[in-house]
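One-letter residues, chain by chain:
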Amino acid sequence: MKPVSQSYLTRLWNNESFKTYEKKFDTFVGFISKYFTVVLVSIALTALAFWWINGHADKAWGAFTAVLIIACPCALALSSPFTLSAALSIFDRNKFYIKNTAAIEQMAAIDTVVFDKTGTITSPNASTLWFEGELSALEKDILFSMCRNSNHPLSREIVKWIGTCNILPISDYKEVVGKGQSAKYLDYKVDIGSAGYVGVAKTAESTAVYVKINDELKGVFTLEQSWRPRLNDVVQTLKKEGYNLHLISGDNERKAEALKIIFPSESQLLFNQNPSEKLQRIDQWQKQNHKVCMLGDGLNDAGALRKADLGIAVSDDINNFSPGCDAILDGVSFDKIPAFFNFSKDAVKVIKMSFGISLMYNIIGLSFAVQGTMSPLFAAILMPISTVTIISFTSLMTRWCGKRRGLL
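The model shown is predicted, which means the values in this text are computed figures rather than measured ones. (Residues numbered from 1 in each chain as written. Predicted model: local features only at pLDDT ≥ 70, side-chain atom pairs only at ≥ 80, totals over all residues. Heavy atoms only, no water.)

Colleague: Pulling in residues and values, what's your account of the confidence of the model for the protein chain?
Modeller: The predicted structure's coordinates, where accompanied by low pLDDT, should not be read in detail. The predicted model of the protein chain has a mean per-residue pLDDT of 82, with 84% of residues at 70 or higher. When the elements of the protein chain are averaged for pLDDT, helix H1 (residues 6–13) gives the smallest value, 51, and strand S2 (residues 112–115) the largest, 95. Within the model, pLDDT remains below 50 along residues 15–19, and this stretch shows five contacts once partners closer than five positions in the same chain are excluded. (pLDDT = per-residue confidence, 0-100. Helix = DSSP H or I, 4+ residues; strand = E, 2+ residues; numbered from the N terminus. Contact = heavy atoms within 4.5 Å.)

Listed below in structure tokens is the structure:
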């Protein structure tokens, strides 16, 4: 199995066939750069005009050139990519893979976190699946061949339950996201999914997958789920940090009472939500001027992940890749979610502090440059010094913040 890395996932994300639309988000450097050039040129032209009018042509051209050199935007332009690239590597070490550096700034702006239930706050590794009914060896082969095509958490659980089987050349395969799958093999017609999708009466109160072969109900898979380790700590920490917390699930309300104990009383716990309804809920919160992060399983929540300001796919097998999200979180790092949010804010603070240092350097340098007392050669020597200072500051501060958050 090829190990997953940040660079491997980035290549998949950037594949043109996976791009639907770009999320509009103005980064800090993008905002500053709109005004930097205009202000800089204005100062240079003002200094040129002032000395020219007063009859000092030599000082005029010297001041004009020195201003343009000393206020080179290199320090500002490099502070963001160096900081965010260092942050990406720290996230990568902790099995949190982010699409690009802009997503880190998006993460820092989040004020609302929305969780899916199955496969997100529940742990597949601690869940128990059993089957009520009877399946022949051939029927198990057919189910295995169908479920292996799906990335849905329940399909992956069924594949693990069946174990090693023969892969058959099924035909007419179809999957309706969040509902079920159907396919044919020889004279077998198989439907697997929710009671409504299969067309049978609901017989289980817990999470269930019904199996119908040739219009005969062969049995039902029932999943008893366990919460991920430290789920309560994650929710309580995010609450203390001031985040709005909600849950959207396609499952029934059987676990509602237990979740009410974990989530804050003001949280919305929404059940029996199909993918379209999840997307609409995200849109409603965004219209209330909230910056929304959606954590889902990557398939059933694909629309909500794309719609959210930040979409994080939580997976215990990150080779099940979902390009519709902004980041992938390995399930083993679920308990680090609060640290990841705090570290993203730290990274943005480092960028702003480095901008402050760069601005202070520019103000001091420009105060001499506009007077015409600084030669362009001396300005050219000082300019790279500021760049080295900024790069060193951002690299060291980012690592310090990572250690402070327990990520290094």
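Colleague: Mind laying out the pattern of salt bridges, listing which residues take part and the relevant values?
Modeller: Counted according to the given criterion, the structure contains twelve salt bridges. Residue Lys218 is joined to Glu139 by a salt bridge in which the shortest nitrogen-to-oxygen separation is 3.4 Å. In this pair, Lys218 sits in strand S8 (residues 216–224) while Glu139 sits in helix H6 (residues 137–147), placing the two residues 79 residues apart along the sequence. An identical accessibility class is assigned to Lys218 and Glu139; each is buried. Measuring nitrogen to oxygen at the nearest pair gives 2.8 Å for the salt bridge that ties Asp346 to Arg405. Remark: Arg405 occurs in the segment after helix H14 (376–404) and Asp346 occurs in helix H13 (residues 337–369); sequence separation between them is 59 residues. Take Arg405: its relative accessible area is 25%, and that puts it in the partly exposed class. In this structure, a network of salt bridges that share partners links the residues Arg230, Asp233 and Asp335. (Salt bridge = Lys/Arg side-chain N within 4 Å of Asp/Glu carboxyl O. Buried < 20%, exposed > 50% of the residue type's maximum accessible area, 1.4 Å probe, protein only.)

Colleague: Can you explain helix H11 (residues 275–287)? Please cite residues and give values.
Modeller: Across its 13 residues, H11 extends 19 Å between first and last C-alpha, which sits within 8% of the 18 Å expected from 1.5 Å per residue. For H11, the elements touching its buried residues are S2, strand S9 (244–248), strand S10 (269–270), strand S11 (292–296) and helix H12 (302–307). Directly beyond the C-terminal end of H11, a positive phi value near 70° is found at Asn289. (Expected span 1.5 Å × (residues − 1).)

Colleague: Residue-level account of the sheet that holds S10, with values.
Modeller: Pairing in this open sheet of seven strands is mixed, and the strands run S1-S13-S12-S11-S2-S9-S10 from one edge to the other. In this open sheet, the two edge strands, each paired with only one partner strand, are strand S1 (96–98) and S10. The sheet contact formed by strand S12 (residues 310–315) and strand S13 (residues 327–330) spans four bridges and is parallel. Bridge assignment links Ala313 to a residue of S13, and that residue is Ile328. (Pairing = 2+ DSSP bridges.)

Colleague: If you had to explain the nonpolar core to someone new, which residues and values would you point to?
Modeller: Of all hydrophobic cores here, the largest spans 44 residues; its most connected members are Phe96, Phe115, Phe263, Phe334 and Phe341. Among the elements that line this core, the one with the most residues is H13, at eight residues. (Core = buried A, V, L, I, M, F, W, Y, C linked by side-chain atoms within 4.5 Å.)

Colleague: Lay out the sheet that holds strand S4 (residues 171–176) in plain terms, naming residues and giving numbers.
Modeller: Sheet strands pair via backbone hydrogen bonds, and the direction of the pair is either parallel or antiparallel. With antiparallel pairing, the six strands of this open sheet are ordered in space as S3-S8-S7-S6-S5-S4. The outermost strands of the open sheet, each flanked by one partner alone, are strand S3 (128–133) and S4. Within this sheet the neighbouring strands show an average axis-to-axis angle of 15°, counted without direction. Across the sheet, H6 is in contact with S4, strand S5 (180–185), strand S6 (188–193), strand S7 (207–213) and S8; its angle to S6 comes to roughly 55°. (Axes fitted to C-alpha atoms, helices over the stretch in contact; angles between N-to-C directions.)

Colleague: Describe unusual backbone geometry, naming the residues involved and giving the relevant values.
Modeller: Notably, Lys95 is not glycine yet its phi reads approximately 60°, a positive angle. Within the secondary structure, Lys95 sits in the loop between helix H4 (74–93) and S1. The class for Lys95 is partly exposed, based on a relative accessible area of 37%. At Asp172, a position not held by glycine, the phi torsion is positive, near 50°. The topology assignment puts Asp172 in strand S4.

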